[in-house]
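Chain residues, written in single-letter form:
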Amino acid sequence: MHPAPSVIFFSTFSGLGFGLLGFLGFGMFVPTGWVAFVFFAFAYVLAVGGLISSTFHLGHPERALKAFSQWRSSWLSREAWCAVAALVLMAIYGAGLVFFAQQWTLIGMLGAIASLATVFTTSMIYGQLKTVPRWNTYYTSANFLSLSLAGGALLADQGNLTLILMVVAGAIQLATWLRGDTAFATSGTNMATATGLGSIGTVRAFEPPHTGTNYLLREFVYVIGRKHAQKLRIIALVLMAVLPVILLLLPFSHWLALLAVVSHVAGVLAARWLFFAQAEHVVGLYYGKR
Amino acid sequence: MTQLPTQTQKKLGLVIDLDTCVGCHACVISCKGWNTENYGAPLSDQDPYGANPSGTFLNRVHSFEVQPDQGAAQLIHFPKSCLHCEDAPCVTVCPTGASYKRVEDGIVLVNESDCIGCGLCAWACPYGAREMDQAEGVMKKCTLCVDRIYNENLPEVDREPACVRTCPSNARHFGDFADPDSAVSQLVLERGGMDLMPEQGTKPVNKYLPPRPKDQLTQNDEQIDILAPFLEPVATEAKGFLSWLDKTLEKL
């Protein structure tokens, strides 16, 4: 799949922002006054910035409001609802903490649930696709949610809980990769079923429909990521989980914490790039590119 | 509304005969020709006369080589367009309701004024039947020539999809699969019409007829040409003038 930068930035930063909102909403971290303002502003910059960047890949962003209409069937529509619910609820909860030094627990809880639901719906947009066997699994949701929680915990300074969540997120990331590497072969979709010609013999793509490229090849048959994939995975895992854990185990300093955050974000961005670049869409079979 | 109808009154679709398709791409051209100037946004091309041309097509013809365990390889031309699936995954993923399946005839269409161009429907389609138009930023797909098949301004003979109308080898057939007596249903029954990627659970309406078994000429090495006995030389020894000429020329 084509790794569109807008979607990589969206899913990474909004995941981080909603993770932080989750910890704020559940009352795991209760700042008040100016400190609360800074934390909420930061969470909103991440979450809203991510959402805005996701509209950059739309053909008609001016019609984005229509995307709220199909929540009964579409995970993308559900994501839109969850995101708005989370942002509204957490704005009310945040206003209580910043301006009134009041903790409205119920609203915070609901906002936190909506925040994590947003991350879940994002993951289901990919997880629901049978056409991409690597994504079509609950590992995808576990991967997105665990990274969101680990990143949120890191930003919300959750101490030992951060360490545990980092290790869990790293382990789930590793499991997702290992499972994903065999997903296409075990999906049951191959050149024989794609063409229906498998009963005659071995099918090979002889000639593509056009000598040039097309939308399908650009969007779904992206192969540049394969060459250095293993090295990138190691880099992503070290930056995302290993380095932050080491930095957090060292005696506390704000600079080390900042470095841990930067490292984690860089690692998640690299992993998210691989998430798209390594995903194989079954339509590639028709072009003999699988 | 992007929820799928539980049932459609008709199931309009195509039968594509892989046995008779000659791979001429006439259906590709007639499809582009009709659909670029009728329903919805035109099918744009990018850099059409330059070094790296590409464009939006609703129908594309692939060619596959199939090598049996024994015998010669076969070349099979393989036209592919929207299969108007009963469980169309492209419809349910659409966040805006732009992508829908019609209750009256089962055609899957895109309402282009509601399409935000997110591309998710193309991601959900296993067949590569949807292409985002790079100029318009909306999703384009086969409409089964919805603006031809009901069009009373056209002569009746033309009220079928452009690809079917133009096919010179009659490899494409249009009809209603909900009617078991229709010509397309009968064709599917007789020829063992098949689904593409049945494991994806999309229940495609369009069916493909597999190529018929080929003649096994290469296995009868003794007699390849049935006319060969009649073409044996009748005279092995030359006589008369030709014999004299042959001998004379040899001596020179």
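Scroll up to find the structure this text is about.
So, here's what we can say about the structure. Treat the numbers as computed from the prediction; the structure is a model and nothing was measured.

Concerning the pairing of strand β4 (residues 59-67) of chain B
A regular strand carries its side chains on alternate faces of the sheet.
So, step 1. Within β4 of chain B, eight of the nine residues are buried, which leaves it mostly tucked inside the rest of the structure.
So, step 2. Pairing geometry for strand β1 (residues 202-207) of chain A and β4 of chain B, over five bridges, is antiparallel. Within β4 of chain B, the residue paired with A205 of chain A across the bridge is F64 of chain B.
So, step 3. In this structure, β4 of chain B lies alongside strand β5 (residues 74-81) of chain B, joined through eight bridges in antiparallel fashion. Following the sheet pairing, F64 of chain B is matched in β5 of chain B by I76 of chain B.

Examining the packing of helix α1 (residues 5-25) of chain A against helix α5 (residues 138-155) of chain A
In a packed pair of helices, the relevant descriptors are the angle between the two axes and the axis-to-axis distance.
All names here are of chain A.
So, step 1. Running from amino to carboxyl end, α1 crosses α5 at an angle of 60 degrees, the nearest separation of the two axes being 7 Å. With respect to their mutual orientation, α1 and α5 come out oblique. Crossing handedness for the pair α1 and α5: right-handed. Counting all contacts with α1, which are made through S11, G15, L16, F18, G19, L20 and F23, the residues of α5 involved are F144, S148, L149, G151, G152, A153 and L155.
So, step 2. Broken down by class, the residue content of the contact of α1 with α5 amounts to eight nonpolar, six polar and no charged.

Side note on the sheet that holds strand β10 (residues 172-176) of chain B
Residues and elements named next belong to chain B.
So, step 1. The strand order across the open sheet built from three strands is β10-β1-β11, with neighbouring strands paired in mixed fashion. The open sheet has two edge strands, β10 and β11 (207-209), and neither has a second partner. Neighbour-to-neighbour, the strand axes of the sheet open up by a mean angle of 25 degrees, direction not taken into account.
So, step 2. Where strand β1 (residues 12-17) meets β10, five bridges bridge the pair, whose relative direction is antiparallel. Counted as the bridge partner of L14 is F174 from β10.
So, step 3. Running at roughly 120 degrees to β10, helix α6 (residues 183-191) makes contact with β1, β10 and β11 of the sheet.

What counts and what doesn't
Residues numbered from 1 in each chain as written. Chains lettered and ligands numbered in written order. Predicted model: local features only at pLDDT ≥ 70, side-chain atom pairs only at ≥ 80, totals over all residues. Heavy atoms only, no water. Buried < 20%, exposed > 50% of the residue type's maximum accessible area, 1.4 Å probe, protein only. Helix = DSSP H or I, 4+ residues; strand = E, 2+ residues; numbered from the N terminus. Pairing = 2+ DSSP bridges. Axes fitted to C-alpha atoms, helices over the stretch in contact; angles between N-to-C directions. Parallel < 35°, antiparallel > 145°, perpendicular 65-115°, else oblique. Left-handed = near helix turned anticlockwise from the far one by under 90°. Contact = heavy atoms within 4.5 Å. Nonpolar A, V, L, I, M, F, W, Y, C, P; charged D, E, K, R; others polar.

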